[in-house]
Amino acid sequence: MTREKLMDRPNRHPIANRRETLLLAAGTAGGMALSGCTTRPSGPEAYGATPSPRQQAWHRMEQNAFVHFTINTFTDREWGYGDEDPKLFNPTDFDADQIVAVAKSANLRGLIVTAKHHDGFCLWPSAFTEHSVKNSPYKDGKGDIVGELAQACKRAGLKFGVYLSPWDRNHPDYGRPAYLVYFRNQLRELLTRYGAIFEVWFDGANGGDGYYGGAREVRKIDAVPYYDWPSIIAYVHALQPEACTFDPKGADLRWVGNEEGEAGDPCWATMDDGPFTPEKGNSGVRGGAVWWPAEADVSTRHGWFWHPHEDGESRTAANLMKIYFDTVGRSTVLLLNFSPDTRGRVTDEDADKARRFGDAVRAMYRVDHAAAARVTASSVDRDTVRYAGANVLDGRADSFWMADEAAHTPTLTLALAGAKTFDVVRLAEHLPLGLRVDRFAIDIAQADGAWRTIIEKRGIGAQRLIRLPAPVTASQVRLRVVAAAAAPAITQVALYRQPVLLDPPAILRDAQGMVTLVADTPGQSLAYTLDGAVPTARAARYTAPFALPDGGTVRAIAIDAASGRASEAGSRSFDLRKSDWRIVDASALEAERLIDENNRTDWISPVTEDAPAHVTIDFGRSVTVRGFVLKPAWHAPQGAGDPSRWSVRVGDAADLAGAAVETGEFSNIAANQAPQRLSFSRPRSGRYLRIDFPRTAGGEVRLAIAELGVITR
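As the structure is a prediction and not an experimental result, all values here were calculated from the model. (Residues numbered from 1 in each chain as written. Predicted model: local features only at pLDDT ≥ 70, side-chain atom pairs only at ≥ 80, totals over all residues. Heavy atoms only, no water.)

Asker: Sorry, what's going on with the overall build of the protein here?
Answerer: Helices and strands together make up the secondary structure of the protein, namely ten helices and 36 strands. Taken along its principal axes, the extent of the C-alpha atoms in the protein is 85 × 65 × 50 Å. Among the 713 residues that make up the protein, the fraction classed as buried is 59%. When contacts within the protein are restricted to residue pairs at least 6 apart in sequence, long-range pairs at least 24 apart make up 75% of them. (Helix = DSSP H or I, 4+ residues; strand = E, 2+ residues; numbered from the N terminus. Buried < 20%, exposed > 50% of the residue type's maximum accessible area, 1.4 Å probe, protein only. Contact = heavy atoms within 4.5 Å.)

Printed below as a string of structure tokens:
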């Protein structure tokens, strides 16, 4: 799932700067119960860009599910090439209700399915292609994965959305005008067959090599004029007026700039009219003329599709909770991906982690410690009843405290109903009046009235969730607006206590094959297994690094000494140690960084089509190689890119003469910096391994890689 690195100027939303304020409709946002409302005929003038009604509805959803399931699930790929036989798609126990139940257990409110990924295989029986589920063994060609998921969402009360890849590596006319007719026909089928759609997701990966009906060639496009995105967006809204569109020119939503589940701090919902960059998408633009909020897509696994080697390594509930604060807590909407396996179900382990995460969110919001407070505002708009400070506690999205128009730095003091202990503060602005607050602080006081500041941040927006380093106890809490572009309009101030979630220990191995376990918090005891079993408190206790020279799987838990609670199990699989390896040839100096087991040391090499970057590794003995692992360079210098393709030679002679024995691509490497695991078509034996990298994903003339490993198991 990549994004276009530069995008043309987005359309201005017509609601921006208009005087009439549209109020939020009924719904639920985090711990805030929202009641019904109507359009207010008059009132304060909005500041800057403001959201459309469908964007307001999207903000209220807070977090949704992504489901990546298609023919890639059966080929163990992230990106299919387009030449896959539809007969490969054969889930043995597809269960739409199970997938939707997992999403609901995680407190997610909508679900978006990859109806068609880049390989062009359609999960619905499209009338316009044979490359679809209708020619698969699933239900003897009578199945409709999109329809089954849509119905399951309806039964469970979740909203339903669709992902349709603009890039199609199967279609013979991709890159030509005829494909656009096909693409619109696909859109029409998806947007008219399955009821209400809340979001339509267009990926930014466009153009490159593919099957293309047998042409097997590279096709390049200029995405903005080729698709005519404004017309596509208008077409979606004509068929589904309430559906938000994701990412391209004129869309309702923008990409957050990474696939790690981390929004900027702050992450403004507004953008300027200039070109999009991932950095700008991550932070937004304060005072931008366009309301174009960020959506944060992240997978529960390393990849987006199910891969058997990732079983046991999906994100823990503690990690998902961190992502929740880094996305939803920064005014974005979280899009959390699940990867059904070849049965057509989310694995039991992934489902359990999702439920634990949802339970933690629900537990956090169960009690608002500010609910019974007495509220005093230093300033209130002249309509003192309508905009009273107490409105921040009434749970209504159309009810808010607003300071006098001249008061840009007011305070709001909450006298709590006794001393309360909390470690989460939630704030929200009234979005129909725009983003008004630039900077704010939270102060607390005990009964003696001595104030101290515990938080100072920039930006509030749809909501701000601030997780404190440790719980605090206070009898008074004060919101202090430090700077604002207009009189603040605050719809909620809430205080919560988050449940304790233990993270498993980090599992590390050095080049000599010594394994180290590192606790997330000091004072924890660690237990581990080497036989694949889930460790319990009775498992072997970690006391010092231990040797694992020939590889294996380490599973480990952390145990809290005070409570005896144990974390979920973390898991890492290792292959051959690298202490016996050496670099015998490379296209640039310092290639030893590729095998030093240090992700922070990157190898940088020049690369052109005529002179590919390359490296040859001597294992010290002949080994059977089944593939290799590449870790992208997280700390690469400006102008150095990720590799996009690779070719391999394996043998017992150091010169490795002859043609490459394996070739392939690094799918989605520019956007997803997780390790890339590349499997060979069959095992290859030899002492030497040479890998060539002919080009980078972004056309850079320098390549950067953090680490290389091999797969022998």
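Read on for the rest.
Asker: Got a minute to help me understand the sheet that holds strand β24 (residues 525-529) in this structure?
Answerer: Through backbone hydrogen bonds, the strands of a sheet pair up, either in parallel or in antiparallel fashion. One open sheet holds the four strands; their spatial order is β25-β24-β27-β28, and the pairing between them is antiparallel. This sheet does not close on itself; its edge strands, each paired only once, are β25 (540-541) and β28 (570-574). Sheet topology places β24 next to β25; two bridges connect them, and they run antiparallel. Its bridge partner lying in β25, A527 is registered against R541. (Pairing = 2+ DSSP bridges.)

Asker: Would you take a moment to explain the state of the cysteines for this structure?
Answerer: Disulfides are covalent bonds that connect the sulfur atoms of two cysteines. Considering all chains together, one arrives at zero disulfides under this definition. No disulfide involves C122; its nearest neighbouring cysteine sulfur is the one of C153, lying 19 Å away. Given the relative accessible area of 0%, C122 is considered buried. The cysteine C153 is free of any disulfide, with C244 supplying the nearest cysteine sulfur at 17 Å. (Disulfide = S-S within 2.5 Å.)

Asker: Looking at this structure, I do not really get helix α5 (residues 177-193). What am I missing?
Answerer: For the α-helix, the turn length of 3.6 residues means that residues three or four positions removed from each other point alike. The end-to-end C-alpha separation of α5 is 25 Å, in line with the 24 Å expected for 17 residues at 1.5 Å each. What α5 keeps buried is the set Y179, Y182, F183, N185, Q186, L187, E189, L190 and L191. Close packing links the buried residues of α5 with β4 (110-116), α4 (145-156), β5 (159-164), β6 (199-201), α6 (223-227) and α7 (229-239). A positive phi of about 80° marks G195, the residue just after α5. (Expected span 1.5 Å × (residues − 1).)

Asker: Would you mind showing me how to read the sheet that holds strand β23 (residues 514-518) here?
Answerer: Pairing is antiparallel in the open sheet, where three strands are placed in the order β22-β23-β26. Lying at the two open borders of the sheet, with one neighbouring strand each, are β22 (506-509) and β26 (546-547). Judged from the two bridges that link them, β23 and β26 form a sheet pairing that is antiparallel. In the sheet register, V515 faces β26, and the bridge partner there is F546.

Asker: Looking at this model, I keep getting lost on the layout of surface pockets. Mind explaining?
Answerer: Over the atoms rolls a probe the size of a water molecule, and its path tells where empty space is left. Of the volumes computed, that of the second largest pocket is approximately 380 Å³. Along the wall of the second largest pocket there are 18 residues; nearest its centre are R467, Q498, P499, V500 and L501. The set of elements that each furnish at least two residues to the lining of the second largest pocket consists of α9 (317-327) and β20 (464-484). For the lining of the second largest pocket, the element with the highest residue contribution is β20, accounting for five residues. (1 Å grid on protein atoms, 1.4 Å probe; cavity = no way out; pocket = protein on both sides within 12 Å on 5 of 7 lines; lining within 4 Å. Points joined across faces, edges and corners; volume = space filled by probe spheres on them.)

Asker: Explain the pattern of salt bridges here, please?
Answerer: Opposite charge on two side chains allows them to pair when their charged atoms are near. For the coordinates displayed, the defined rule picks out 48 salt bridges. In this structure, E130 engages K134 in a salt bridge whose closest nitrogen and oxygen atoms are separated by 3.6 Å. For the salt bridge of E148 with K139, the shortest nitrogen-to-oxygen distance reads 3.2 Å. Exposure remark for K139: the relative accessible area of 45% places this residue in the partly exposed category. Connected through salt bridges with shared partners, the residues D352, R355, R356, D359 and R362 form a single ionic network. (Salt bridge = Lys/Arg side-chain N within 4 Å of Asp/Glu carboxyl O.)

Asker: What's the story with the packing of aromatic side chains in this structure? I'm lost.
Answerer: Under the definition given, this model contains 36 aromatic pairs. For the pair F89 and F121, a centre-to-centre distance of 5.3 Å together with 45° between the ring planes defines the contact as tilted. On the criterion of sequence distance, the pair formed by F89 in the loop between α2 (72-75) and α3 (96-105) and F121 in the loop between β4 and α4 is long-range, its members being 32 residues apart. Between W201 and F246 the ring centres are 4.0 Å apart and the planes differ by 10°, which places this aromatic pair in the stacked class. On the criterion of sequence distance, the pair formed by W201 in strand β6 and F246 in strand β9 (residues 244-246) is long-range, its members being 45 residues apart. Like F246, W201 is buried. Put simply, the rings of Y174, Y179, Y182, F183, F202, Y212, Y226, Y227 and W229 pair up and form one aromatic cluster. Positioned above the aromatic ring of Y235, the side-chain terminus of R184 is 5.3 Å from the ring centre. Residue placement shows R478 over the ring face of W451; its charged tip is 4.2 Å from the ring centre. (Phe/Tyr/Trp six-rings, centres within 6.5 Å; stacked < 30°, edge-to-face > 60°. Lys NZ or Arg CZ within 6 Å of the ring centre and 35° of its normal.)

Asker: I would appreciate a short explanation of empty space enclosed by the protein in the present structure.
Answerer: For the structure shown, the criterion picks out four cavities of 30 Å³ or more. Each pocket or cavity is described by its volume, and for the second largest cavity that value is around 80 Å³.

Asker: How do you make sense of the packing of α9 against helix α10 (residues 348-364) when you look at a structure like this?
Answerer: Working note: a packed helix pair is described by the angle between its axes plus the distance between those axes. Where α9 meets α10, the axes come as close as 8 Å, and the angle between the chain directions of the two elements is 50°. With respect to their mutual orientation, α9 and α10 come out oblique. Both α9 and α10 take part in a crossing whose hand is right-handed. For the pair α9 and α10, contact is made by A317, L320, M321, Y324 and F325 and by K353, R356, F357, A360, V361 and M364, respectively. When the residues that make up the contact of α9 with α10 are grouped by side-chain class, the tally is nine nonpolar, no polar and two charged. (Axes fitted to C-alpha atoms, helices over the stretch in contact; angles between N-to-C directions. Parallel < 35°, antiparallel > 145°, perpendicular 65-115°, else oblique. Left-handed = near helix turned anticlockwise from the far one by under 90°. Nonpolar A, V, L, I, M, F, W, Y, C, P; charged D, E, K, R; others polar.)

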